[in-house]
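Here is how the chains run, residue by residue.
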Amino acid sequence: MSWLARVGRASWPATAEAATAMQDDLRPLVDPVTPPGTRFRTVAGLDSAYHDTGAVAAAVVVLDATTLRPVSSAVAHGVAAFPYVPGLLAFREIPTTLAALEKLDIAPDLLICDGQGLAHPRRFGLACHLGLLTGVPTIGAAKTVWGDYTEPGPHRGAATDITIDREVVGRALRTRTGVKPVFVSVGHRIDLDTACAQVLAMTPRYRLPETTRHADQLCRAALRAAARTYSGSTP
């Protein structure tokens, strides 16, 4: 069964209540352990951009984990059928994101989401949901935080725990000296130490992972191109 086929219209929640119930049901399936012998040769970044009309463009960009050069990419277009609700981002993004993943000609070894994993009010953010659907190790690397943390030290690599109700759910990770941290949490099939190491490996020059930066640029460009098509204008 394809990844996209797992998100059927009949079973995909249409209300916030149903979506919350699904998160609660799926949460126990998250595996916060890196499988023995796992090697990350390719790492994919995923991001989505939205138009006021509800149109969405999802992009995935795969990088070589050593050179950080793009080796594959794909874009999918759709319409956001689920409203924006804090804590339920996955239900807005996943259908189009899976469509983009299915277009890839390279299967990535690791996914890095611009969103939360376990650092989430119900311990089941976008990275957890996407990891369960694909079976691929997945990390949440977010610009904002759910939970409590103390500011890490000022130098690259410094980190402090993120907690919710005194439970460690992620880390505030300083990826650039003197720059606001990135908030890393486990999505699925990876442990927190490995997740932080991978995010640091993906941030040699900027605050955000190169995977996120490439996917962000691609989905925004794809949405602009689609908007021009819909309006009948040309570049």
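Residues numbered from 1 in each chain as written. Predicted model: local features only at pLDDT ≥ 70, side-chain atom pairs only at ≥ 80, totals over all residues. Heavy atoms only, no water.

The name that an unreviewed UniProt entry assigns to the chain is Endonuclease V, with the source organism given as Nocardia amamiensis. For the record of the chain, the UniProt heading Function (unreviewed entry) holds the text "DNA repair enzyme involved in the repair of deaminated bases. Selectively cleaves double-stranded DNA at the second phosphodiester bond 3' to a deoxyinosine leaving behind the intact lesion on the nicked DNA." In its Subcellular location (unreviewed entry) section, the UniProt entry covering the chain states "Cytoplasm". (UniProt positions renumbered as here; feature names shortened; annotations may be inferred.)

Details of the overall build of the chain
Looking only at helices and strands, the chain features five helices and eight strands. In sequence order, the chain lays out its α and β elements as α-β-β-β-α-β-α-β-β-β-β-α-α. Over its C-alpha trace the chain gives a radius of gyration of 17 Å, about what one expects of a compact globule, namely 18 Å for 235 residues. Across the 235 residues of the chain, 49% fall into the buried class. Carbon and sulfur atoms make up 53% of the accessible area of the chain, which amounts to about 10900 Å² in all. With 24 positive and 21 negative side-chain charges, the chain shows a separation of 6 Å between the mean positions of the two kinds. (Helix = DSSP H or I, 4+ residues; strand = E, 2+ residues; numbered from the N terminus. Rg over C-alpha atoms; globule rule 2.2 N^0.38 Å. Buried < 20%, exposed > 50% of the residue type's maximum accessible area, 1.4 Å probe, protein only. Areas by Shrake-Rupley, 256 points an atom, 1.4 Å probe, with all protein chains shown as cover. Lys, Arg positive; Asp, Glu negative; His and termini not counted. Charge placed at Lys NZ, Arg CZ, Asp CG, Glu CD.)

A look at the side chain of Q23
One can find Q23 in helix α1 (residues 16–26). Among the residues examined, Q23 registers a relative accessible area of 1% and is labelled buried. In terms of polar contacts, Q23 uses its side chain to reach the backbone carbonyl oxygen of G87, at 3.1 Å. Discounting chain neighbours no more than four positions away, the residues touching Q23 are G87, L88, F91, H120, R122 and F124. (Polar contact = N/O pair within 3.5 Å; in protein donor to acceptor, adjacent residues only side chain to side chain. Contact = heavy atoms within 4.5 Å.)

Looking at the environment of L223
Looking at where L223 falls in the secondary structure, it is placed in helix α5 (residues 210–231). On the basis of relative accessible area, L223 is assigned to the buried category, the value being 12%. When the C-alpha positions of L223 and A57 are compared, they lie 5.4 Å apart, and in sequence the two are 166 residues distant.

Some thoughts on helix α2 (residues 89–102)
In this model, α2 (14 residues) spans 20 Å end to end at C-alpha, consistent with the 20 Å of a helix rising 1.5 Å per residue. For α2, the tally of buried residues reaches 11 of 14 residues, placing the bulk of the element in the interior. Along α2, the positions that sit buried rather than exposed are A90, F91, R92, E93, I94, T96, T97, L98, A99, A100 and L101. Among the structural elements, α1, β1 (42–50), β2 (55–64), β3 (70–79), β4 (110–113) and α3 (126–134) are those in contact with the buried residues of α2. (Expected span 1.5 Å × (residues − 1).)

A look at the sheet that holds β4
The strands that make up a sheet pair up through hydrogen bonds in the backbone, lying either parallel or antiparallel. Read across the open sheet, the eight strands follow the order β3-β2-β1-β4-β5-β8-β7-β6; overall the sheet is mixed. In this open sheet, the two edge strands, each paired with only one partner strand, are β3 and β6 (159–164). The average angle at which neighbouring strand axes cross in this sheet is 25 degrees, direction not considered. Where β1 meets β2, nine bridges bridge the pair, whose relative direction is antiparallel. By the bridge assignment for β2, Y50 is matched with V56. Contacting β1, β4, β5 (138–142) and β8 (182–188), α3 runs over the sheet at an angle of about 30 degrees to β8. Along the sheet, helix α4 (residues 192–201) contacts β1, β4, β5, β7 (167–173) and β8; its crossing angle with β7, the most-contacted strand, is approximately 15 degrees. (Pairing = 2+ DSSP bridges. Axes fitted to C-alpha atoms, helices over the stretch in contact; angles between N-to-C directions.)

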